[in-house]
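Structural description and commentary
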Amino acid sequence: MKLHVITVGHKPPDWVAAGFEEYARRMPRSARIALTEIKPAPRSRQNPSGASVARVLAEEKSRILAAIPSGCVKIALDERGKQLSTAELARRLDGWMQGGRDVAFVIGSADGLDRELKAGADLLLSLSAMTLPHALVRVLLAEQLYRAVSLNQNHPYHRA
């Protein structure tokens, strides 16, 4: 199983890259994490209207969809998504693994994700009800994926 983390944004701070890489490195061969960074669409600073944001998100949607390997379970991260406990995430990962499908976790820009992209996702997932720094989300996601896989493998990292 391969876990794809597809995120809008590039050149994160060094601590973000280091944190993500630390958890990606720890993953077992049976559940590798691959990171794909999507270049954000240009934003209009003078006129951040709803139409302008919708245009930007639609452009990013095209780039995101092109980066998702075919056949993947698509998980869109969204603040209004379903919140799962680590144990629930572990159970879902195990189910996807048993089904033989890779999983793509999509992290949008600071403006979020296009509505159509979210509607086409297999799951809308929220990591927290709190507002999180955009770059931190990829580190939190990588840690939770590592923790969920550790839980499934009875590894001592996760102590429930």
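For the structure itself, consult the block above.
Residues numbered from 1 in each chain as written. Predicted model: local features only at pLDDT ≥ 70, side-chain atom pairs only at ≥ 80, totals over all residues. Heavy atoms only, no water.

**A word on helix H3 (residues 86-99)**
The terminal C-alpha atoms of H3 lie 20 Å apart, and with 14 residues this matches the ideal 20 Å at 1.5 Å per residue to within 8%. Along H3, the residues classified as buried are Thr-86, Leu-89, Ala-90, Leu-93 and Trp-96. Considered in projection along H3, the buried side chains sweep an arc of 125° and stay on one side of the axis. Turned more than 90 degrees away from the buried face of H3 sit Arg-91, Gln-98 and Gly-99, all of them exposed. Looking at the buried positions of H3, the neighbouring elements they touch are strand E1 (2-8), strand E3 (73-83), strand E4 (103-107), strand E5 (123-126) and helix H5 (134-152). (Helix = DSSP H or I, 4+ residues; strand = E, 2+ residues; numbered from the N terminus. Expected span 1.5 Å × (residues − 1). Buried < 20%, exposed > 50% of the residue type's maximum accessible area, 1.4 Å probe, protein only. Arc of directions from axis to C-beta. Contact = heavy atoms within 4.5 Å.)

**Quick look at the packing of helix H1 (residues 14-26) against H5**
Look at H1 against H5: their axes get within 9 Å of each other, and the N-to-C directions meet at 15°. In terms of axis orientation, H1 runs roughly parallel to H5. The way H1 lies across H5 gives a crossing that is left-handed. Contacts from Trp-15, Val-16, Gly-19, Phe-20, Tyr-23 and Arg-26 of H1 reach H5 at Ala-135, Leu-136, Arg-138, Val-139, Ala-142, Glu-143 and Tyr-146. Residue composition of the contact of H1 with H5, grouped by class: nine nonpolar, one polar and three charged. (Axes fitted to C-alpha atoms, helices over the stretch in contact; angles between N-to-C directions. Parallel < 35°, antiparallel > 145°, perpendicular 65-115°, else oblique. Left-handed = near helix turned anticlockwise from the far one by under 90°. Nonpolar A, V, L, I, M, F, W, Y, C, P; charged D, E, K, R; others polar.)

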